[in-house]
Every structure is written in C-alpha cells, then in structure tokens.
Number of protein chains: 2
Amino acid sequence: MGRTHNNISNLPKSKSHCLGPAGSAAQVKAGIAALAGRWKIEILFALMSHDGPCRYSMLERDIDGISQKMLAQQLRELERDGLIFRQIYPEIPPKVEYSLSESGSALREPLRALKILGQTLQQQDNDKAQEAEK
Amino acid sequence: MGRTHNNISNLPKSKSHCLGPAGSAAQVKAGIAALAGRWKIEILFALMSHDGPCRYSMLERDIDGISQKMLAQQLRELERDGLIFRQIYPEIPPKVEYSLSESGSALREPLRALKILGQTLQQQDNDKAQEAEK
DNA sequence: CAGAATCCATGCGGATACTG
DNA sequence: CAGTATCCGCATGGATTCTG
C-alpha cells in the first residue's frame, strides 16, 4: 500500500502575530492537520454518508482496511478537535455512537472543493500515465 | 519541533467505483494529500501574499525555518500537482520564478474555509489551556 | 543562485493480542 | 461490543555538504 506519513502541523514559531500571511498559514495548517490523519477523511465521509449516528462496529465495517487501533485513535482525535460527537450508552453489551458536530458538518463544502482538486489531480495522473504508455 | 509524518494518501483499493462515498473520500484525500506536505501551505501562502512570481531565494527568506532540500522538494511536488508554475531564466546567475497556477489560485477560498476551522481549533485549545490553569 | 545528494532521527501507522 | 496495549517497519522530513 502506498505511502505512509505526511506532515502538516508546522507552526514554526507562531507567536500569535496572527494577521500576516504567516499567521494565516499557521491556522490553515491547523485546520488541515485536523483532517490529515490516515483515516480522518474516510471516517468523516462514512458519517456524512450515513447521515446519522454510527456505531463503532459499523464504521469498522464501512471503512475498508482500517485497524481497530487506527479507528479508535482517529475517532478520539476527531472528537478532541470538535468535529464529531461521541455518545456512550452504558449498556451491556456496550454501545457507542458517533455523529458529526456542527464543525464537522461545516466541512462538507470545503471538502467538496478539495474533492474537485483531487479529481483534477487524478485526471492529470491518468493523462500522464496514458502518454507514458505510448 | 512537533511531529513528523502524517498520512493522507490512502486509496485503500480505489477500484474506480468512483461514485460512492468511498470514491469521494479517495478524491478528497488526493486533494488534501497535495497540500499535506510539511511546507506546502506556507509556500502557497507565500506565493499568494506576494501575489506575483517569487524567486527561490525569496521564498527561502520568507518561509522561516525551511531547509533547501524541503523547499526544492515541495516546490517540485506542487509543480507536479499543477498548483504552481516554474519559470526558468537561463541567465548567469541562474534565476527561477515560481507563481500560482489557476488550480493554485482556486485554493484561496477552500483555504479560507480551512483557516476558519483552524481558528476554531486554536480557540478551543486556548479555552482548554485557560481552564487547565485555574 | 538554485538546487542535488547523502545520512540520520523521529514517530506515524500496521498487525496482532488482550480486556471490561 | 468497543476498545487498549505492545512491538516494529519504514517513509518523511531535517541538517549538512557539494555542484553547475
């Protein structure tokens, strides 16, 4: 499987001189960092597509190839960043439901924009691959 | 300094059944991956703020803490992904100018959205830090 | 000036096993 | 069911040196 790792969280010094282009970059990077986990996007898309609370096991089934460690970890990060909610039902057997917060839902549009970019990139890749084959 | 690595480029199998939420996720991830380098955002912001062609050495000065290797590498990736242009002037001494492509400029708005998210996150961090200090 | 090349530390993310 | 715990490979990015 492809690559691993990919950094984003930078904030060189970020002394909160928060108005220059540098400060803006830091905030954008903070925003991207919140989405930059190996599985964050897939989790968000799973939640968006189901459009209601999802149980842990359901996410595990929906997201192909994710390990329990990663699912739990990225879920906690998304929760920490306020993008999703986590509702625990103290039952036996245990039940936990995840849902999008408002911040999370607010990402639908930006994500669409990034999807456009992604499509363009894939298109370019295909073009170049075809050329190379000639 | 903080972390290293951070994956994004996933595409578990991505058999181009490109219409389900899974396919969308893959494309969004491709888009994010294009921005997910340690310095990509800062480079783009540097180009955006200067709003005209920038020379290599100017970027090196503007972006605090970046190494030559990283600058050159991420510039090539951005160029490969069609986000920036690279204009070489065969002079002595050498001169190379980088500028935003249309795809790159198209990111201004999405980046603003991500900046909003980043601001929210930083705000939350500050709030929690304050509470913790009490 | 604008890189290319090399070496190396860090830590993300995968796999597997275990638990309340 | 919904996680936690542990071990480990290896890509990523940093520092430094060399070059056309």
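Looking up chain A in an unreviewed UniProt entry gives the name MarR family transcriptional regulator, with the organism given as Thalassospira marina.

(A) Here's a closer look at the overall build of chain A. Along chain A, the regular secondary structure elements total six helices and three strands. Listing the helices and strands of chain A from first to last along the sequence gives α-α-β-α-α-β-β-α-α. Taken over 134 residues, chain A has a buried fraction of 41%. When contacts within chain A are restricted to residue pairs at least 6 apart in sequence, long-range pairs at least 24 apart make up 50% of them.

(B) Fine view of the sheet that holds strand β1 (residues 54-55) of chain A. Residue and element names in this part refer to chain A. Taken together, the three strands give an open sheet; going across it, the order is β1-β3-β2, and neighbouring strands pair in antiparallel fashion. With partners counted over all chains shown, the strands left at the sheet margins are β1 and β2 (84-89), one partner each. As defined by bridge partners, β1 adjoins strand β3 (residues 95-100) across two bridges and the pair is classed as antiparallel. When the sheet's bridge partners are listed, R55 is paired in β3 with E97. Contacts from helix α2 (residues 40-50) reach β1, β2 and β3 within the one sheet, and its direction differs from that of β3 by about 90°.

(C) Examining the packing of α2 of chain A against helix α4 (residues 68-80) of chain A more closely. Residues and elements named next belong to chain A. It is the contact of α2 with α4, at a shortest axis distance of 10 Å, that shows an interaxial angle of 75°. What the angle tells us is that α2 and α4 run roughly perpendicular. From α2, K40, I43 and L44 reach across to α4, where they touch L71, Q74, L75, E77 and L78.

(D) Summary view of the packing of aromatic side chains. Within the structure shown, the criterion is met by zero aromatic pairs over all chains. Directly above the ring of W39 of chain A sits R38 of chain A, whose terminal nitrogen or CZ lies 4.2 Å from the centroid. Taking NZ or CZ as reference, K95 of chain B lies 5.0 Å from the ring centre of Y89 of chain B, over its face.

(E) The arrangement of the sheet that holds strand β1 (residues 54-55) of chain B in detail. All names here are of chain B. Taken together, the three strands give an open sheet; going across it, the order is β1-β3-β2, and neighbouring strands pair in antiparallel fashion. For this open sheet the edge positions go to β1 and β2 (84-89), each flanked by a neighbour on one side alone. Two strands pair when backbone bridges link them, and β2 and strand β3 (residues 95-100) are joined in this way by six bridges, in the antiparallel orientation. For I84, the partnering residue across the bridge sits in β3 and is L100. Here helix α2 (residues 40-50) sits on the sheet and contacts β1, β2 and β3; the angle it forms with β3, its principal contact strand, is near 90°.

(F) The arrangement of the pattern of salt bridges in detail. Taken as a whole and judged by the stated rule, the model has six salt bridges over all chains. E42 of chain B serves as the salt-bridge partner of K29 of chain A, at 3.9 Å between the closest nitrogen and oxygen. Placement of the pair is K29 of chain A in helix α1 (residues 21-33) and E42 of chain B in helix α2, with the two residues belonging to separate chains. Among the residues examined, E42 of chain B registers a relative accessible area of 11% and is labelled buried.

(G) Molecular detail of the environment of S67 of chain A. Following the sequence through the fold, S67 of chain A ends up in the loop between α3 (56-62) and α4. Sequence separation of S67 of chain A and E131 of chain A is 64 residues, and the distance between their C-alpha atoms is 37 Å.

(H) Focus on α2 of chain A. Taking burial as the measure, the 11 residues of α2 of chain A include nine buried ones, the bulk of the element. Positive phi shows up at D51 of chain A, right after α2 of chain A, with a value of about 55°.

(I) Seen up close, the environment of G31 of chain B. Position of G31 of chain B among the secondary structure elements: in helix α1 (residues 21-35). In sequence terms G31 of chain B and G65 of chain B are 34 residues apart; their C-alpha atoms lie 25 Å from each other. Excluding residues within four positions of it along the chain, G31 of chain B makes contact with L114, L117 and G118 of chain A.

Cut-offs used in this document
- What you see as residue numbers is a count from 1 along each chain, following the sequence as written.
- Throughout, the order in which chains and ligands are written sets their labels, letters from A for the former and numbers from 1 for the latter.
- Note on the predicted model: pLDDT of at least 70 is required for a residue's local features to be given, and 80 or more for side-chain atom pairs to be given and counted; whole-chain, interface and lining totals, by contrast, use all residues.
- Derived side-chain values reflect all non-hydrogen atoms in the structure, with water molecules and hydrogen atoms excluded from consideration.
- Secondary structure counts use DSSP, requiring at least four H or I residues in a row for a helix and at least two E residues in a row for a strand, with both numbered from the N terminus.
- Throughout this description, buried means an accessible area under 20% of the type-specific maximum (1.4 Å probe, protein chains only), exposed means over 50%, and partly exposed covers the range between.
- What makes two residues a contact is simply this: any of their non-hydrogen atoms within 4.5 Å.
- Strands pair, by our definition, only if DSSP identifies at least two bridges between them.
- Axes here mean lines fitted to C-alpha atoms, for a helix over just the part in contact, with angles spanning 0 to 180 degrees between N-to-C directions.
- To sort the angles, those under 35 degrees are grouped as roughly parallel, those over 145 as roughly antiparallel, those from 65 to 115 as roughly perpendicular, and the leftovers as oblique.
- Two rings from Phe, Tyr or Trp (for Trp, the six-membered ring) form a pair when their centres sit within 6.5 Å of each other. Planes less than 30 degrees apart are called stacked, planes more than 60 degrees apart edge-to-face, and all others tilted.
- Consider the ring centre and the ring normal. A charge sits over the ring if Lys NZ or Arg CZ is within 6 Å of that centre and within 35 degrees of that normal.
- Any Lys or Arg side-chain nitrogen located within 4 Å of an Asp or Glu carboxyl oxygen qualifies as a salt bridge.

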